[in-house]
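# Coordinate inspection notes
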Amino acid sequence: MSFPVVITGMGAVTVFGDGCTALFEALRKGESGLHELRGIAVARGKNRSAQIEDPRRTGPWRLSDMAVDAAREALAQSGGPAPGVTGLYVGTTGGDNRALEDRWEDFLAARRALAAGADPQVDDELAEAMVRFPIGVLADVLAHRLGIEGPRYAVTNACASGTTATAMALLALRQGTVDRAVVVGADHLKATSYWGAERAGFVGHDLRPFHADRDGSVLGDGAGALVLERAADVAARGGTPLAGLAGWAITCDDNPHAIIPPEDGASNAEAVRLALADAGLSPEDVDYFNAHGTGTPLIDRLETASAKLVFGDRAGQVAISSTKSIVGHLAAASPIIEAIATVYCLTEQWVHPTAKLDRIDPALTLDYVPLRGRPQRIRAAVSNSLGGGGTNAVLAFRPQDSAPAAQETLEPVPDAFEPVPDVVVTGTGAVSRLGDGPDALEAAYGPNAAPGRARPFSVLDHIDAAAGYQYLSRSAQLGFGAAAQAMADAGLPVPLPAAGPLAGRRVAVVMGTAVGGLSAMAETLCPHLSADPTRITPSMSLDHGPQLAATLVCRAAGVTGPMVTLISGPAAGLQAVEVGRALLAAGACDIVIAGGGDAGDAPTRDAARLLANRQGRAGEEPTDSAACVVLERAAGARERGAPVRAVVTGCVSWSEPQAPDRTDAAAGALTRCLTAVGAAGADRPHLSYHVGKGNLSDTGEVKLLASGFQPEALGGALAAGPLLAVVAAVARVAVEPGAAAIVSTVAPGGSAAALRLAGPDGGRG
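The model shown is predicted, which means the values in this text are computed figures rather than measured ones. Once a new chain begins, its residue numbering starts again from 1 and follows that chain's sequence as written. Totals for whole chains, interfaces and linings use all residues, but because this is a predicted model, local features are given only for residues with pLDDT of at least 70 and pairs of side-chain atoms are given and counted only at 80 or more. Each side-chain value is derived from all of the structure's non-hydrogen atoms; neither hydrogens nor water enter the calculation.

### A short note on the overall build of the protein
Note the cut-off: The helix and strand labels rest on DSSP assignments: H or I over at least four residues marks a helix, E over at least two residues marks a strand, and numbering proceeds from the N terminus. Radius of gyration here uses only the C-alpha atoms, and the compact-globule reference equals 2.2 Å multiplied by the residue count raised to the power 0.38. A simple rule labels every residue: compare its accessible area, found with a 1.4 Å probe on the protein chains alone, to the largest value its type can have, and call it buried under 20%, exposed over 50%, or partly exposed in between. Contacts are residue-level and defined by heavy atoms, with any inter-residue pair within 4.5 Å sufficient. Note on charges: Lys and Arg go in the positive column, Asp and Glu in the negative column, and His and the chain ends are not counted at all. Charged side chains are reduced to one point each, which is NZ for Lys, CZ for Arg, CG for Asp and CD for Glu.
In terms of helices and strands, the protein carries 22 helices and 26 strands. A globule of 765 residues ought to have a C-alpha radius of gyration of about 27 Å, and the protein, at 24 Å, matches this closely. Seen through its C-alpha atoms, the protein measures out along the principal axes to roughly 75 × 65 × 50 Å. For the protein, the residues scored as buried account for 63% of the 765 residues in total. Looking at the protein alone, contacts between residues at least 24 apart form 79% of all its contacts between residues at least 6 apart. Both charge centroids of the protein, one from 62 positive and one from 81 negative side chains, sit 1 Å from each other.

### Considering empty space enclosed by the protein
Definition in use: Points on a 1 Å grid over protein atoms alone make up a cavity when a 1.4 Å probe fits among them but cannot get out, and a pocket when they form an open set with protein on both sides within 12 Å along at least five of seven lines; lining residues each have an atom within 4 Å of a point. Grid points are joined across faces, edges and corners, and a volume is the space filled by probe spheres set on the points. Throughout, the ten residues Ala, Val, Leu, Ile, Met, Phe, Trp, Tyr, Cys and Pro are labelled nonpolar, Asp, Glu, Lys and Arg are labelled charged, and all others, Gly among them, are labelled polar.
Using the criterion set out here, one finds two cavities of 30 Å³ or more in the structure. Estimates place the volume of the largest cavity at around 70 Å³. Residue lining of the largest cavity: 13 residues in total, with S475, T513, P546, A549 and G597 positioned closest to the centre. Mapped by element, the contributors of at least two residues to the lining of the largest cavity are α14 (474-489), β18 (507-512) and α17 (548-557). Grouping the amino acids of the lining of the largest cavity by side-chain chemistry returns five nonpolar, eight polar and no charged. Approximately 30 Å³ is the volume attributed to the second largest cavity. If one sorts the elements of the lining of the second largest cavity by residue count, helix α7 (residues 161-175) sits on top with three residues. Here the lining of the second largest cavity is composed, by residue class, of eight nonpolar, no polar and no charged.

### So, the pattern of salt bridges
Here is the rule: We define a salt bridge as a contact between a side-chain nitrogen of Lys or Arg and a carboxyl oxygen of Asp or Glu at a distance within 4 Å.
Taken as a whole and judged by the stated rule, the model has 45 salt bridges. E348 serves as the salt-bridge partner of R28, at 3.3 Å between the closest nitrogen and oxygen. A residue pair is termed long-range when its members are at least 10 positions apart, and R28 in helix α1 (residues 20-29) and E348 in helix α13 (residues 333-348) qualify at 320 residues. Counted as one network, the salt bridges with shared partners bring together D18, D54, R56, R57 and D69.

### Notes on the packing of α7 against helix α18 (residues 572-585)
Counted only if it meets this: An axis is simply a line fitted to the C-alpha atoms; with a helix, the fit covers only the stretch in contact. Between two such axes, the angle follows the N-to-C directions and lies from 0 to 180 degrees. Between 65 and 115 degrees an angle is taken as roughly perpendicular, under 35 as roughly parallel, over 145 as roughly antiparallel, and anywhere else as oblique. Two helices cross in a left-handed way if the nearer one is turned anticlockwise from the farther one by less than a right angle. They cross in a right-handed way if the turn is clockwise.
Viewed as axis vectors pointing N to C, α7 and α18 meet at an angle of 65°, and their least axial separation amounts to 11 Å. When the interaxial angle is binned, α7 and α18 end up roughly perpendicular. Along this stretch, α7 crosses α18, giving a crossing that reads as left-handed. Side by side, α7 and α18 meet where M168, L171 and Q175 of the first sit next to V579, A582, L583 and A585 of the second.

### Describing the side chain of H188
Rules: Whenever two N or O atoms come within 3.5 Å, that pair is a polar contact, provided that in protein one can donate a hydrogen and the other can accept it, and provided that, for residues adjacent in sequence, both atoms are side-chain atoms.
You can see H188 is positioned in the loop between β7 (180-187) and α8 (191-199). A distance of 3.3 Å separates the side chain of H188 from the side chain of R62, its partner in a polar contact. If sequence neighbours within four positions are ignored, H188 has contacts with R62, L63, M66, G95, R98, G220 and D221.

### A look at unusual backbone geometry
Cis peptide bonds are those with omega within 30 degrees of zero, and the linkage from V494 to P495 qualifies with 5°. By the secondary structure assignment, P495 is in the loop between α14 and β18. In this model, A331 sits at a positive phi of 55°, which is unusual for a non-glycine residue. Here A331 shows up in the loop between α12 (324-327) and α13. The class for A331 is buried, based on a relative accessible area of 17%. The residue L371 is not glycine, and still its phi comes out positive at about 70°. Residue class for L371 comes out partly exposed when judged on its relative accessible area of 34%.

### What to know about the layout of surface pockets
Space inside the second largest pocket adds up to approximately 1100 Å³. The wall of the second largest pocket is formed by 45 residues, among which C159, A197, F202, G388 and L542 lie closest to the centre. At four residues, the largest contribution of residues to the lining of the second largest pocket is made by α8. Counted by class, the lining of the second largest pocket contains 19 nonpolar, 23 polar and three charged residues.

### What about the packing of helix α4 (residues 104-115) against helix α15 (residues 518-531)?
Following both chains from N to C, one finds α4 and α15 inclined at 110°, their axes separated by 10 Å at the closest point. The angle between α4 and α15 falls in the class roughly perpendicular. The two elements α4 and α15 meet at a crossing, and its hand is left-handed. Counted together, W104, E105, L108 and R111 of α4 and S519, A522, E523, C526, P527 and S530 of α15 form the full contact between these two elements. Residues of the contact of α4 with α15, tallied by class, amount to five nonpolar, two polar and three charged.

### What about the pairing of strand β23 (residues 686-691)?
What counts is decided by this rule: Only strands joined by at least two bridges in the DSSP assignment are considered to pair.
Across the six residues of β23, six count as buried, placing the element largely inside the fold. Bridging between β23 and strand β24 (residues 704-706) involves three bridges; their strand directions are parallel. When the sheet's bridge partners are listed, H686 is paired in β24 with L704. Pairing between β23 and strand β25 (residues 740-747): five bridges, direction parallel. Bridging from a neighbouring strand, S688 pairs with I742 of β25.

### Focus: α17
By the criterion of burial, α17 is predominantly enclosed, with 10 of the 10 residues buried. At the exit of α17 stands G558, carrying a positive phi of roughly 75°.

### Some remarks on the nonpolar core
Stated formally: Take the buried residues of types Ala, Val, Leu, Ile, Met, Phe, Trp, Tyr and Cys, join any two whose side-chain atoms come within 4.5 Å, and each joined set is a nonpolar core.
Core analysis: the largest hydrophobic core is formed by 123 residues, its most contacted members being Y89, L228, L631 and Y689. Those residues in contact with Y89, other than ones at most four positions away along the chain, are Y153, A165, M168, A169, A172, V178, A181, V182, V183 and V184.

### Overview of the packing of aromatic side chains
Here is the rule we go by: Here is the rule: rings of Phe, Tyr and Trp (six-membered ring for Trp) pair when centre to centre is within 6.5 Å. Planes less than 30 degrees apart are stacked, more than 60 are edge-to-face, and the remainder are tilted.
Tallying each qualifying case throughout the model produces 12 aromatic pairs. Centre to centre, the rings of W104 and F107 are 5.0 Å apart; their planes meet at 70°, and the pair counts as edge-to-face. Taken together, the residues span about one helical turn, with W104 and F107 both in helix α4 at a distance of three residues. The pair W104 / F107 is uniform in exposure class, with both members buried. Arranged with centres 5.4 Å apart and planes meeting at 70°, the rings of Y445 and F709 form a pair that is edge-to-face. Of this pair, Y445 sits in the loop between β17 (435-436) and α14 while F709 sits in the loop between β24 and α22 (720-735), placing them 264 residues apart in sequence.

As structure tokens, then:
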């Protein structure tokens, strides 16, 4: 059974001001909000932006302020506090990391002093900038300031991040994981994103989607928020739905290039079809298509081709418009702002125009609603998002009063959710400072100091040099290396076939990271920005996206199913398993490649040492690390004769609304996770694999036995640490009849996660 989900609150902060009312007025006028770029050196005459110039929107934490204000507006419209569990889903590509980038010279000076043996003094603002540099910390800040306790996820799928976060929230509501979801997309313009995108050919002199003279996009600032609830719960409390969020889909391009999408639109069209099918709609029901609409020549052609593939002969009857033409390209915020615009059009039965479209490209032959909006009957609508690295993410909407009658109910149904099916681990892979492969982790059980690697990790051990993976970020290479091992262990062919039971479209990739390649990108770009930005090249930014580990796996393995990157800090690896189980339960895929990885690069190591010294403690040095597991439904694994290594009987995350610099354990959140996966009150004790800070004795009565695994042997493995423990635990329960294990972790900001593993016999002995 699938329960209808509705939008009950919306919030926006854009170049037009605070609030959805200001946004709606701008959509009505259909005039672009672009203005002169300020505060950033201009590249090749491209001096337009959609920056927010409100004097209140200044300071290093302006993005957090915008995101909080958008979320507060959405929560207020939804009716304030609601019973049950609230989940927070945040999409961003840059978070608050501009604060450290703007002070990179100060950061470098402190690092040089540290290298010289000094104890540099770091001021409060610089210290906070280091804490907030990992972009997933934005979710921690939001939760703390809004007082949200519950599941918390940060998503970074490039410019599709907001749609990916919304899709995850929709799944969680349908599956009963949460009762209300707050979804936030937020990004602001900074020098690294402007110059990196410009050098890659993405930035234009103006933003004119579908125009004959278009030459690129124009970047800006913004935040958007949605509150989602099940329709039955809203009806029971007398709430007012704004629109139905009826369906979702995410696909990955079938394309060899790591960043540039294929022009034929086939992968995007598949995402639109899947979203409509998930919503119980047909292409004939759709009257409005809110385009990604970046104004870049390739993407406008791609979306036009996609619409023709989906809608066929009636493609010309579907109104298509670009919200970006009015508000600018706002990265991860754009999908949420575009969803809000789509809801407005549904509510008003009117379509907003594409601004500045006074001369349509003659090669583009559909209805792009040029210059002026118009009344239009809209029975259903889709909002389309694309993300660099191959993501196609689509949401389908219905008017709030048109949910399928067969699914309507006025009574809440909290006990009617179908359980997650048994999920098994059929393959594992590991890259750590102990070596490559699960066997290397055995050294972490020993009483003595674990030996180091015999030689550094090389991605060329897993793929031919002709693929060029060695030029991409170290974190992406590490993630791919662990995934390649796991796929081989699971008996999966590389590449996967295009059809049949192992078809790539039925496989999902979910990767977790704490930092991704963003530290390496800043280390490369920031010195040039202060010296001579014209020396920046395209690869300096494109090769370091945090979503690239997932992209590389998809490209090499021929995966075209859902692709998600979580950047939720040290808990992200376990959350990748959690999200993978949700995708399997939803029937969105048959196999999940779930992993986590981070590079122990110089900026990350130095920041960790500087913060530890400031707090008067010993720092844990981040190290190159990655881990991966292949997940399948038990029945599917048996059918294909896959080797079942272990059974995942539970995986859950929970967060308390603590400040992001709180490093003490979130004992309450951890207790809840341990109880949820079955550690508390279980008939028999479990082997314990706890990674991170915190004392399990603070979590109440839990029946856990020390496994002997020493996570400190891994060094600072960040997002990979808990997943490396999972790989070690899988090996242990696979050979001990009746064994079961609990892997748990806590992270700064109040987050915790836990996973329960049983042996191939299900822990029955």
